[in-house]
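Structural description and commentary
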Amino acid sequence: MSRYEVDATMTALLSVDDLRVSVAGSHILQGVTFEVPATGVTVLLGRNGVGKTTTLKALLGLMPPTAVIRGRATLDGAPMLGRRTHDLVRGGLGYVPEDRGVFAGLTVAENLRLAERPGVPTDYDGVYTLFPELSKRARQKAGTLSGGQQQMVAIARVLLNPNRLLLIDEPTKGLAPKIVTEVADVLERVAARVPILLVEQNLAVVRRLGRDAVVVAAGAVGYTGPLRQLLDDAELTKALLGVGSAGHGSGRAEVPA
């Protein structure tokens, strides 16, 4: 078994039950329940502002101290809520944030070195195979890279280490169509080795990568099940996401605000 593979006989790798999050009296999540299987890509969908990023941050322990979090979440049966973020990461939970989070004043190589985990073998060969451009730009300051190149750095950092599950938040946001395709190519290859919980607005990318879907609506789950079943139901897709038939026409439809 490779360093990225997970036992596919497990019914669920990540289980979330009745997750509730409030910040400063505002109830963002009001009972989110779903599972992520041990293989493939599960897409977390919903209109802007419904709590997709909050869901990821709550699982990772990245909510502000004033946040009130209730419910249950387990990764491979081990409780997650209340644990420190670095402990979750060391346990194999990888995270690519929406804002990429690269250190602009550091070089590409320095950004990658910061992601190394003590005592854990790194996979620079695998990273540079996926992102040969980063090898060429190793000494370049990350702040001078294009948006697409910075996204490659953000994804490369988590792939340096072995992961049991990746949480990836809107990796194609704001990127040119050509770069969107390149990012989707990489995620497709990564998903063959490690399961992904993906937040993504570009429905062409969702259709290409996703197998299972969870739709958050009004702070709760409005749909959970096969992605194809959701996208083939134009009425349901319109009601939950505000688009019809998942953008069959242009292939570039996005979930609106």
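Preceding this paragraph is the structure being described.
What you see is a predicted model; the values in this text were computed from it and never measured. (Residues numbered from 1 in each chain as written. Predicted model: local features only at pLDDT ≥ 70, side-chain atom pairs only at ≥ 80, totals over all residues. Heavy atoms only, no water.)

1. Quick look at the sheet that holds strand β8 (residues 196-199)
Test applied: Strands qualify as paired when DSSP identifies two bridges or more between them. Secondary structure counts use DSSP, requiring at least four H or I residues in a row for a helix and at least two E residues in a row for a strand, with both numbered from the N terminus. Each axis is a line fitted through C-alpha atoms, taken for helices only over the stretch in contact, and angles between the N-to-C directions span 0 to 180 degrees. In this description, contact between two residues means that some pair of their heavy atoms is separated by no more than 4.5 Å.
Taken in spatial order, the 6 strands make up an open sheet running β6-β7-β8-β3-β9-β10, and their pairing is mixed. Each edge of the open sheet is held by one strand with a lone partner, namely β6 (93-96) and β10 (220-226). Strand-to-strand twist across the sheet, computed as the mean angle between neighbouring axes with direction ignored, equals 15°. Here strand β3 (residues 41-45) runs beside strand β9 (residues 212-217); their pairing, made up of 4 bridges, is parallel. Bridging from a neighbouring strand, Thr 42 pairs with Asp 212 of β9. Relative to the sheet, helix α7 (residues 177-191) contacts β3, β7 (165-169) and β8, its axis offset from that of β8 by approximately 155°.

2. Focus on the environment of Pro 171
Note the threshold: Any residue under 20% of the maximum accessible area for its type is buried, any over 50% is exposed, and the rest in between are partly exposed; the area is computed with a 1.4 Å probe on protein chains only.
Looking at the element boundaries, Pro 171 is found in the loop between β7 and α7. For Pro 171, a relative accessible area of 1% corresponds to the buried category. Once residues lying within four places of it in the same chain are set aside, the contact partners of Pro 171 are Gln 151, Val 183, Leu 187, Leu 198, Val 199 and Glu 200.

3. Comments concerning the sheet that holds strand β1 (residues 14-23)
Taken together, the 4 strands give an open sheet; going across it, the order is β2-β1-β4-β5, and neighbouring strands pair in antiparallel fashion. Every other strand in the sheet has two partners, leaving β2 (26-36) and β5 (78-79) as the edge strands with one partner each. Two strands pair when backbone bridges link them, and strand β4 (residues 68-75) and β5 are joined in this way by 2 bridges, in the antiparallel orientation. Note on β5: the bridge partner recorded for Thr 74 is Pro 79. Relative to the sheet, helix α1 (residues 52-60) contacts β1, β2 and β4, its axis offset from that of β1 by approximately 105°.

4. Notes on the environment of Gly 222
Summarising the element assignment, Gly 222 is placed in strand β10. As a C-alpha pair, Gly 222 and Val 108 span 114 residues in sequence and 40 Å in three-dimensional space. For Gly 222, the residues in contact, after removing those within four places along its chain, are Val 215, Ala 217 and Leu 240.

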